[in-house]
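# Overview (structure and organization)
Spelled out from the first residue to the last, the chains are:
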Amino acid sequence: MYAYPFYPSRSVHSLDGIWEFAFLGADAPKLEEIRTDGIRFNELMAVPGCFDAAPKYAGVRGVGAYRRTVAVPANTKLRLRLGALGLRGRILWDGVEIALNELPYSQQCCEFNAGSGGTHELIFLIDNRFDPADTPLFHPFYDFYGYGGIYRSVELETLPDGVHFHRVQVETPDLSGRVIVSGRLAGGAAPLSAGFDGTAPEPVEAQFDGEKFTFEAQLDSPTLWSPDSPNLHTVTLRAGNDTIVERFGIRTVACSRGQILLNGKPIRLKGYNRHDAHPQFGPAMNDELWLEDLQILRDLGCNFIRGCHYPQSQRFLDLCDQLGFLVWEESLGWGDNVDVQSDPKFRRLQVEQTINMVETSINHPSVILWGFMNESGDDKEVGASLLRELAAAVRSIDRSRPVTNASMHIRESIALDAFDVISFNLYPGWYEHGNTSDPRPLDRIPAALDDVLARLDTELLRDKPVILSEIGAGAIYGWRDRIRGIWSEEYQADYLDAVCRYFQSSSRLNGLALWQFSDGRTYAASNVLGRPRAFNNKGTLDEYRRPKLAYDVVKHHFKNLES
Ligand code: ADA
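Not measured: the values here are computed from a predicted model. (Residues numbered from 1 in each chain as written. Predicted model: local features only at pLDDT ≥ 70, side-chain atom pairs only at ≥ 80, totals over all residues. Heavy atoms only, no water.)

### Details of the overall build of the protein
Heads up, the condition is: Think of it this way: any DSSP run of H or I at least four residues long counts as a helix, any run of E at least two long counts as a strand, and we number them from the N terminus. Each radius of gyration is computed over the set of C-alpha atoms, and the globule rule expresses the reference value as 2.2 Å times the number of residues to the power 0.38. Between buried and exposed lies partly exposed: a residue is buried under 20% and exposed over 50% of the maximum accessible area for its type, with that area taken using a 1.4 Å probe on protein chains only. The method behind every accessible area is Shrake-Rupley, applied with a 1.4 Å probe, and residues are considered shielded solely by the protein chains displayed. Asp and Glu count as negative and Lys and Arg as positive, but His and the ends of the chain are not part of the count. Just so you know, the charge point we use is NZ for Lys, CZ for Arg, CG for Asp and CD for Glu.
Secondary structure assignment for the protein yields eight helices and 33 strands. For the protein, whose C-alpha radius of gyration is 24 Å, the value lies close to the compact-globule estimate of 24 Å for 563 residues. With the principal axes as the frame, the protein shows a C-alpha extent of 75 × 60 × 45 Å. Put simply, the protein has 563 residues, and 61% of those count as buried. As presented, the protein carries roughly 21300 Å² of accessible surface, and 51% of it is formed by carbon and sulfur atoms. The centroid of the 58 positive side-chain charges in the protein is displaced by 2 Å from the centroid of its 75 negative side-chain charges.

Right, here's the structure in full:
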């Protein structure tokens, strides 16, 4: 089994590996209209993987069809757990649709009956064409490449007869070891037993309201979760023939008097924006790549990762839980304009994916902040109303974590009342290059940051913590320049030096997420002229995680900075 929660009494099959494949072309009909019986699957493709990252279809847009067979006994109840796909997908079991997926980067689960016994056919139709009507959550103007593929792992679970668990949430309202466990049991009320940290489950008195249940418990030996001591606990629940194991940590996050409090103590967040991005595999990462990135972030002295700009892999968050990283998780969005914000389908999918993210990641102690709609919506009422709706949707499920949004219009924002933490993205001394005669406008950094922080000194905002959620400069790996000018590793190193110094001296900034961890592939057409190599080159490491000059500069500051 791949990521928590685990279901030890179900039989779980990983469907990762090599699938049959057929490319149906750029002119293929809409996914809903494709007939699968005539497709000739005469190629192979890896799952997880992106067909347009693989050499044969690199850079191509169209529909890719993935196929494999699965043998199960007749009438088995099944549950498919898909880590994520993109940009749009349709999943068929023996030619019948079992799921339509319009939420790139989101986990999706679906339950269905296997039908007759024997060998069955599972097909994923994946569309990576940009179409604002079909795929309103991903547009070609997003500053990261929109790949087509099955981004994350696929599992098939056999559901037991009788009741089975849908999901379980473990809340730790304080640090005493008191836990509130709630969830949904498909099939309704049934005797429930629970055991913590591997002890055998004992009957518990749960309150049922239809399928929903809740009970409280007290852990015998609670140990707190923190970045320095990332202690984890598990709860095993049993009902009927089903068992679920959830992992959680005991820690609190709160905002008070302009501070972020972790376990009641002020904490400063120092880290990076990180994309799930690899030059060969796109967003289809694996354990080795995730662990490497986390080792590098640890070496840099970071305690914080902003998972830009979409829901994170559950496996990656499991690793963050284990290693003690603090994570800002956000749903998918990037600079969506008023037209996009007004689209009813966009609005509906924004709410759907954000709720899905919160429900899916709710038990990860590493996740300390929820976000959505990067750089979008806060300067006009149409977007601000959506931001408020999303904040309310998050709080209706989870009141234990603050809510934020990375603004690029912080000075004009009309939505700051909706957030617990104020976050802003700013690129002083970088995007000024078009209109300044100064080749190294580094003095813009403190001036611009001072200006923003002064504007946040209002009655409404004074007590809210502030995160500088993006700031950075591009550097082409290996481009060294004696005048230390734009695109050179020297300019980026000097730039991040100035940013870190400012952060060190500012008591108003509670967090810093540098833009960005590693270079990543981006625009292929529009805007590409501002992105040499068609990469966003603001990584402190290049796309193969080779450090640039700025690496040691940031490391020096982060290691010496109290968190
Ligand atoms: C924005 C955006 C990032 C990236 C960055 C940049 O702030 O949120 O995704 O595009 O700008 O490099 O300009």
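### Side note on the sheet that holds strand E14 (residues 178-186)
Adjacent strands of a sheet form backbone hydrogen bonds with each other and so pair up, either parallel or antiparallel. Quick reminder of the rule: Here, a strand pair is defined by DSSP locating no fewer than two bridges between the strands. Axes, fitted as lines to C-alpha atoms, cover a helix only where it is in contact. Angles between the N-to-C directions of the axes lie from 0 to 180 degrees.
Read from one edge to the other, the open sheet built from four strands follows the order E13-E14-E18-E17, with strand pairing classed as antiparallel. Taken across any chain shown, the strands that pair with only one partner, and hence form the sheet edges, are strand E13 (164-171) and strand E17 (207-209). For this sheet the average axis-to-axis angle between neighbouring strands, irrespective of direction, equals 20 degrees. Here E13 runs beside E14; their pairing, made up of seven bridges, is antiparallel. If you follow Gln-169 over to E14, its bridge partner there is Ser-182.

### Overview of the sheet that holds strand E3 (residues 43-47)
The sheet built from six strands is open, its strands ordered E3-E2-E5-E10-E7-E8 with antiparallel pairing. At either margin of the open sheet sits one strand with a lone partner, and together these are E3 and strand E8 (96-101). The sheet shows a mean angle of 30 degrees between the axes of neighbouring strands, direction not considered. Note that strand E2 (residues 17-25) and strand E5 (residues 63-72) share five bridges and pair antiparallel. Bridge assignment links Gly-25 to a residue of E5, and that residue is Val-63.

### A closer look at the pairing of E3
By the alternation rule, side chains of E3 split into Glu-43, Met-45 and Val-47, which are all buried, and Leu-44 and Ala-46, of which none is buried. Strand direction decides the pairing type here: E2 and E3, joined by five bridges, are antiparallel. Paired with Gly-17 across the bridge in E3 is Val-47.

### Things to note about the packing of helix H1 (residues 287-299) against helix H2 (residues 314-323)
Let me state the cut-off plainly: Working rule for handedness: look at the near helix, and if it is turned counterclockwise from the far one by less than a right angle, call the crossing left-handed; if clockwise, right-handed. What makes two residues a contact is simply this: any of their non-hydrogen atoms within 4.5 Å. Basically, the charged four are Asp, Glu, Lys and Arg, the nonpolar ten are Ala, Val, Leu, Ile, Met, Phe, Trp, Tyr, Cys and Pro, and anything else, Gly included, counts as polar.
Packing of H1 against H2 leaves a shortest axis separation of 10 Å and a crossing angle of 35 degrees. The handedness of the crossing between H1 and H2 comes out as right-handed. Residues Asp-287, Trp-290, Leu-291, Leu-294 and Arg-298 of H1 pack against Arg-315, Phe-316, Leu-319, Cys-320 and Leu-323 of H2. Per-class residue counts for the contact of H1 with H2 are seven nonpolar, no polar and three charged.

### A short note on the environment of Ser-437
Among the secondary structure elements, Ser-437 is positioned in the loop between strand E29 (422-425) and helix H6 (444-455). Judged by its relative accessible area of 77%, Ser-437 falls in the exposed class. Between the C-alpha atom of Ser-437 and that of Leu-103, which follows or precedes it by 334 residues, the distance is 44 Å.

### Examining the environment of Phe-41
Within the secondary structure, Phe-41 sits in the loop between E2 and E3. Residue Phe-41 is classed as buried on the basis of its relative accessible area of 16%. Here the alpha-carbon distance between Phe-41 and Phe-23, two residues 18 residues apart in the chain, equals 8.5 Å. Leave out the neighbours within four places in its chain, and Phe-41 touches Glu-20, Phe-21, Ala-22, Ala-65, Tyr-66, Arg-67 and Ile-123.

### Things to note about the packing of aromatic side chains
Each pair of aromatic rings is reported with the distance of its centres and the angle of its planes. In plain terms, the rule: Within 6.5 Å between ring centres, the rings of Phe, Tyr and Trp (the latter by its six-membered ring) count as paired, and their orientation is classed by plane angle as stacked under 30 degrees, edge-to-face over 60, tilted in between. For a ring to carry a charge above it, either NZ of a lysine or CZ of an arginine must fall within 6 Å of the ring centroid while also lying within 35 degrees of the normal to the ring plane.
Taken as a whole and assessed by the stated rule, the structure comprises 29 aromatic pairs. Between Tyr-272 and Phe-558, the aromatic rings sit 6.5 Å apart at their centres with planes inclined by 70 degrees, giving edge-to-face as the arrangement. In this pair, Tyr-272 sits in strand E24 (residues 269-274) while Phe-558 sits in helix H8 (residues 550-560), placing the two residues 286 residues apart along the sequence. Judged by centre distance (6.4 Å) and plane angle (45 degrees), the ring pair of Trp-290 and Phe-316 falls under tilted. One end of the pair, Trp-290, is in helix H1; the other, Phe-316, is in helix H2, with 26 residues separating them in the sequence. Classification of Trp-290 by relative accessible area gives buried; the value is 2%. Relative accessible area serves as the criterion here: at 0%, Phe-316 is assigned to the buried category. Put simply, the rings of Tyr-105, Phe-130, Phe-138, Phe-141, Tyr-142, Phe-144, Tyr-151, Tyr-310 and Trp-334 pair up and form one aromatic cluster. Directly above the ring of Tyr-7 sits Arg-10, whose terminal nitrogen or CZ lies 3.7 Å from the centroid. Of note, Arg-306 hangs over the ring of Trp-328, and the distance from its end group to the ring centre comes to 4.6 Å.

### Here's the deal with unusual backbone geometry
Cis geometry is adopted by the peptide bond preceding Pro-5, which originates at Tyr-4 and carries an omega value of 0 degrees. Here the residue pair Gly-86 and Leu-87 is connected by a cis peptide bond, since its omega of -5 degrees sits within 30 degrees of zero. Following the sequence through the fold, Leu-87 ends up in the loop between strand E6 (77-82) and strand E7 (88-93). Even without being glycine, Asp-197 reaches a positive phi, approximately 50 degrees. The residue Asp-197 is located in the loop between strand E15 (192-196) and strand E16 (202-204) in this model. Take Asp-197: its relative accessible area is 40%, and that puts it in the partly exposed class.

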